[in-house]
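Tertiary structure, described
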Amino acid sequence: MDEHKKRILLSKGGRGGKGNRAKPRGELAGTADKGADGGKLTVVLELKSVADLGLVGLPNAGKSTLLRAISDARPNVADYAFTTMSPQLGAVKLDGGLSSVTVADIPGLIKGAHENRGLGHNFLRHVERCAAFLFVVDLSSGMGDRPGMRPWEALKVLRAELDAYLPGLSNRPAIVVGTKTDVARTSKAAEALRRRTDLPVVCVSANASEGIDALLSATEDLLERAKRERDEGEARDVVDVEL
Ligand SMILES: Nc1nc2c(ncn2[C@@H]2O[C@H](COP(=O)(O)OP(=O)(O)OP(=O)(O)O)[C@@H](O)[C@H]2O)c(=O)[nH]1
Ligand SMILES: [Mg+2]
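Residues numbered from 1 in each chain as written. Chains lettered and ligands numbered in written order. Predicted model: local features only at pLDDT ≥ 70, side-chain atom pairs only at ≥ 80, totals over all residues.

1. Comments concerning the overall build of the protein chain
For the protein chain, the helix and strand inventory stands at five helices and six strands. Along its sequence from the N terminus, the protein chain presents helices and strands in the succession β-α-β-β-α-β-α-β-α-β-α. The C-alpha atoms of the protein chain give a radius of gyration of 25 Å, which is well past the 18 Å a tight globule of 243 residues would have. Summarising its shape, the C-alpha atoms of the protein chain cover approximately 95 × 45 × 35 Å along the three principal directions. For the protein chain, the residues scored as buried account for 33% of the 243 residues in total. (Helix = DSSP H or I, 4+ residues; strand = E, 2+ residues; numbered from the N terminus. Rg over C-alpha atoms; globule rule 2.2 N^0.38 Å. Buried ≥ 20, exposed ≤ 12 C-beta atoms within 10 Å, placed from the backbone.)

Written as structure tokens, this is what we have:
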């Protein structure tokens, strides 16, 4: 069900019975035919949020803080993994306020999420519905003697998990957002990250409000690219059908 007010028949009712009025004259009243039983079915409906953009990152990468900085949404932020337990949606204004897109803050993913580790499938099924991604990586993680995975290693894990869940999923239009540029020595990490990926990289500090405008403008380009790719895909489908 992907449209408002869409109706789908899941189980058919049984053939209707015949009442007195359908009986030939002379037959006794009260001998109505019973109808047939209707179909029986147990259905589990699962809601997948639909967003233009998904924030995909390891726990603690700064996704919720970023969503707070770019939208009116107020997801919780805390210094521990899995603060966000269910997807949060925010409306982000683009084009100087002329258009608005929906961004989903998705629970942090860890290695093995496709096998349902961490919050696993719980979050991956929401990712599936996003037209484009912001891969959110913590620039302060794993650098020098800091604990955690380095940003480009995190990016690799994120992409691998998406593809293990649904092959090709990580090839959707995306940009990488390096977070926490206010932390000391993150510019080195940003440089190294840029060298190690072909995706566009934008570095921000949600806390210090740095790089947010550049991120919004890169996001506009990203969504345009996603739309173009989708239109081209649809045009290709039509050609395939005509052939
Ligand atoms: N210094 C600094 N810290 C930040 C920044 N953005 C986020 N943080 C901190 O990083 C921690 C995690 O932030 P969250 O926004 O909750 O991270 P998340 O990716 O949503 O985490 P999960 O919901 O657990 O997946 C919090 O302690 C934030 O205050 C930033 O720009 N600069
Ligand atoms: Mg969060």
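2. Thoughts on the site of ligand 1
Near ligand 1 there are 24 residues, and of these Gly62, Ser64, Thr65, Thr84 and Gly108 occur at the shortest range. Broken down by element, the shell around ligand 1 gets its largest block of residues, three residues, from helix α1 (residues 63-70). Each residue belonging to the shell around ligand 1 can be placed in one class, and the counts come to nine nonpolar, eleven polar and four charged. (Near = placed C-beta within 6 Å. Nonpolar A, V, L, I, M, F, W, Y, C, P; charged D, E, K, R; others polar.)

3. Considering helix α3 (residues 151-165)
Because the α-helix completes a turn every 3.6 residues, residues three or four places apart line up on one side. With 15 residues, α3 should cover 21 Å at 1.5 Å per step; its first-to-last C-alpha distance of 21 Å lies within 8% of that length. Along α3, the residues classified as buried are Pro151, Trp152, Ala154, Leu155, Leu158, Glu161, Leu162 and Tyr165. (Expected span 1.5 Å × (residues − 1).)

4. Quick notes on the pairing of strand β1 (residues 53-57)
If a strand is regular, its side chains alternate between the two faces of the sheet. Across the five residues of β1, five count as buried, placing the element largely inside the fold. Bridge analysis of β1 against strand β3 (residues 99-105) gives three bridges, and the strand direction is parallel. Each residue of the ladder has a partner; that of Leu53, found in β3, is Val103. Summarising the sheet, β1 and strand β4 (residues 132-138) pair through five bridges and their orientation is parallel. Within the sheet, the bridge partner assigned to Val56 lies in β4 and is Phe135. (Pairing = 2+ DSSP bridges.)

5. What about the confidence of the model for the protein chain?
This prediction gives the protein chain a mean pLDDT of 87; 92% of its residues lie at or above 70. Among the scores for the predicted complex, ipTM is 0.98 and pTM is 0.81. (pLDDT = per-residue confidence, 0-100.)

6. Quick word on the sheet that holds strand β5 (residues 174-179)
The strand order across the open sheet formed by six strands is β2-β3-β1-β4-β5-β6, and the pairing between neighbours is mixed. Looking at the sheet topology across the chains shown, the edges are occupied by β2 (88-94) and β6 (201-203). Neighbour to neighbour, the strand axes of the sheet diverge by 30 degrees on average, direction disregarded. Relative to β6, β5 is paired through three bridges, and the arrangement is parallel. Across the sheet, residue Val177 finds its bridge partner in β6, namely Val202. (Axes fitted to C-alpha atoms, helices over the stretch in contact; angles between N-to-C directions.)

7. Overview of the domain arrangement of the protein chain
Per the domain assignment, the segments making up the protein chain are domain 1 (9-45) and domain 2 (53-235). Distance between the C-alpha centres of domain 1 and domain 2: 55 Å. (Domains from an automatic or database assignment.)

8. Things to note about unusual backbone geometry
Positive phi, close to 75 degrees, is recorded for Asn60, a residue that is not glycine. Along the polypeptide, Asn60 turns up in the loop between β1 and α1. Classification of Asn60 by C-beta neighbours within 10 Å gives buried; the count is 20.

9. Describing the nonpolar core
Counting 46 residues, the largest nonpolar core has Leu55, Val56, Phe135, Val136 and Val177 as its most contacted members. Contact partners of Val136, with chain neighbours within four places excluded, come to Leu55, Val56, Gly57, Ala61, Gly62, Lys63, Leu66, Val177 and Thr179. (Core = buried A, V, L, I, M, F, W, Y, C linked by C-beta atoms within 7 Å. Contact = placed C-beta atoms within 7 Å.)

10. A few points about helix α4 (residues 186-196)
Burial in α4 covers these residues: Thr186, Ala189 and Leu193. In an axial view of α4, the angular spread of the buried residues amounts to 50 degrees, which keeps them on one side of the axis. Counted as exposed and oriented over 90 degrees from the buried face of α4: Ser187, Lys188, Glu191 and Arg195. Buried residues in α4 make contact with α3, β5 and β6. (Arc of directions from axis to C-beta.)

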